[in-house]
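Topology and contacts: notes
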Amino acid sequence: MTSQQQLSKRGFSAAQKPMRVDLEIYYKALENTYHPIDNPKGSFPMNMAENHLCWDMLRHKIESVTREKPIPDWVSSYGDPAGVPSFRETTAAFLSEFLIGQSISSEHLAFSVGATSVIEMTAFLLGDEGDTAVIPAPSYPVYTADIGTIPGLKRHNLQTHQEIHELANGFPIKISQLEAAKAEIEALGSKFRMLILTTPDNPTGGIYSQEQLQVLADWCIDNGTHLIVNEIYGLSRIDISHPEIKDNYPNPIPFLSFANLMAERKSPFLHLWYSFSKDLGISGFRIGLVHTYNEALLGGYRNAGLSHAISNHTQWVLQEVLEDREFMKEFIASSQAALTQSYVTVVRQLKALNIPYNPSYGSLFVWLDMSEFLQENSDQGQEDLWLELFNKTGILLTPANGFGHQKKGLFRMVISGISHDDLEVAMERFRIFVLGKRQ
Ligand SMILES: Cc1ncc(COP(=O)(O)O)c(C=O)c1O
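Model, not experiment: these values are computed from the prediction.

Focus on the UniProt feature "domain: Aminotransferase class I/classII large" (unreviewed entry) in the protein
The sites that UniProt annotates as "domain: Aminotransferase class I/classII large" (unreviewed entry) are residues 46–430. For residues 46–430, helix accounts for 41% and strand for 14%, while the C-alpha atoms at its two ends are 12 Å apart.

Things to note about the layout of surface pockets
What the largest pocket holds in volume is close to 1,000 Å³. Lining the largest pocket are 43 residues, with Met19, Tyr140, Val142, Ala145 and Asp146 positioned closest to its centre. Of all elements in the fold, only helix H2 (9–16), helix H3 (23–30), helix H6 (114–126), helix H7 (143–148) and strand S11 (398–399) reach the threshold of two or more residues within the lining of the largest pocket. If one sorts the elements of the lining of the largest pocket by residue count, H7 sits on top with 5 residues. Here the second largest pocket is characterised by a volume of approximately 290 Å³. Around the second largest pocket sit 18 residues that line it, and Thr33, Pro45, His52, Gly417 and Ile418 are the ones nearest its centre. At the level of secondary structure, the elements contributing two or more residues to the lining of the second largest pocket comprise H3 and strand S1 (44–45). A breakdown of the residues in the lining of the second largest pocket according to their chemical character gives 10 nonpolar, 6 polar and 2 charged.

What about the site of the ligand?
Neighbouring residues of the ligand: 16 residues in total, closest Thr116, Tyr233, Ser275, Ser277 and Lys278. Arg286 is positioned such that a nitrogen or oxygen atom in its side chain is 2.8 Å from an oxygen atom of the ligand. Alone, the ligand offers 390 Å² of accessible surface; in the complex the protein occludes 94% of this. When each cavity is represented as a set of grid points, the ligand is found to reside in the largest pocket. Here the element with the most residues in the shell around the ligand is H6; it accounts for 4 residues. Its residues placed into classes, the shell around the ligand shows 7 nonpolar, 7 polar and 2 charged.

As for the packing of helix H4 (residues 55–68) against helix H12 (residues 312–323)
Where H4 contacts H12, the two axes come as close as 10 Å, and the packing angle between them is 110°. Classified by the angle between their axes, H4 and H12 sit roughly perpendicular to one another. As for the relative orientation of H4 and H12, their crossing is right-handed in sense. Residues Leu58, Lys61, Ile62, Val65 and Thr66 of H4 form the contact with H12, whose participating residues are Trp316, Val317, Glu320 and Val321. Classifying every residue of the contact of H4 with H12 gives 6 nonpolar, 1 polar and 2 charged.

Rules used in this analysis
- Residues numbered from 1 in each chain as written.
- Predicted model: local features only at pLDDT ≥ 70, side-chain atom pairs only at ≥ 80, totals over all residues.
- Heavy atoms only, no water.
- UniProt positions renumbered as here; feature names shortened; annotations may be inferred.
- Helix = DSSP H or I, 4+ residues; strand = E, 2+ residues; numbered from the N terminus.
- 1 Å grid on protein atoms, 1.4 Å probe; cavity = no way out; pocket = protein on both sides within 12 Å on 5 of 7 lines; lining within 4 Å.
- Points joined across faces, edges and corners; volume = space filled by probe spheres on them.
- Nonpolar A, V, L, I, M, F, W, Y, C, P; charged D, E, K, R; others polar.
- Near = heavy atom within 4 Å.
- Polar contact = N/O pair within 3.5 Å; in protein donor to acceptor, adjacent residues only side chain to side chain.
- Areas by Shrake-Rupley, 256 points an atom, 1.4 Å probe, with all protein chains shown as cover.
- Sits in = over half its atoms within 2 Å of the grid points.
- Axes fitted to C-alpha atoms, helices over the stretch in contact; angles between N-to-C directions.
- Parallel < 35°, antiparallel > 145°, perpendicular 65-115°, else oblique.
- Left-handed = near helix turned anticlockwise from the far one by under 90°.
- Contact = heavy atoms within 4.5 Å.

Written out as structure tokens, the structure is:
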């Protein structure tokens, strides 16, 4: 019996598609990670979007909660599939204070296990099978599986630019590009159901200005298209006033959460995604949410969401942590300072080497252009360069395959997965690699 006969058509299709292209080599890199004394020739896995910079600080807080606080009775029972009321309230207050800057109601939040599950649930409830989600390229590769595997939506990569320097004054996304994408999608018999933006962005670190979001929101509302803004990196922001980098931002764009525009418009077509995976560095906790004024979406979420519900124990632990506002203030400030230090370490070297990169406002990444080293301008050429860098230096980046961008030779570097000292060593190896290639 072939594996095709052992599975449904859907199951067989899922069995053919690994979640991402770099998993196997990532596990290999993890088995041999760098240590200054025990393994000085070891590798630097810098491909997985994890933030370990302030985990020790958060770990102590979590340990004190679980040691000192009695577990409430509700933790052992079924709860609201969209999040228990006390956790929803605490999170609404946290987001209001730290991310949004104005008060939002817990009634407009629904939770599930990580942004991954929130994206899947939202796509499932807003789109029909065969509909299309438009996503400006380059963007998070796993959106394809999140909106595709179960909801059955297709991904349309909107090409807004070719070269990294075209991002210098923000994302060059135009209404005419959306109109053209709509016509193209409709000509294929599909529907332009949603536009997905990520700000700060994965992988470029760019952000959308308020004026841009307003124009895009108006176009979406007028066209009956959903606009979803993913602010999963909303608090992972770089201090762009840092003296070593401030000149990279001649026309700085202020960050303002999309939730502010949503509060003004209160449209059923505008939504925001968030998750604690990145800003708090707890991807293993699996906590994500959608914020929306679309009551029908919230109702559907509750009715269909049980299989995606977060463990009550996890909700309780995080609720206790978030309620300590003083701790959270200190944590977010420490995390942003640590992230900025990592960022400066990386771009100092890139600048000295003349490797093009996009000046980042936030996220855990630097998006860089190594196309000058491509032997062949193709996916294969890109993969060869990615592997060569790993084999010679132990540095594992994320190749651009799956990010949907036309240009080859671009890579994403995750700057928050290793310590500052280790990052210095990694960047020194990177320098030697680049100089060696240029000789
Ligand atoms: C843009 C974006 N959305 C969603 C996710 C998934 O987040 P979670 O771990 O909360 O499922 C990631 C993780 O890298 C991401 O970068």
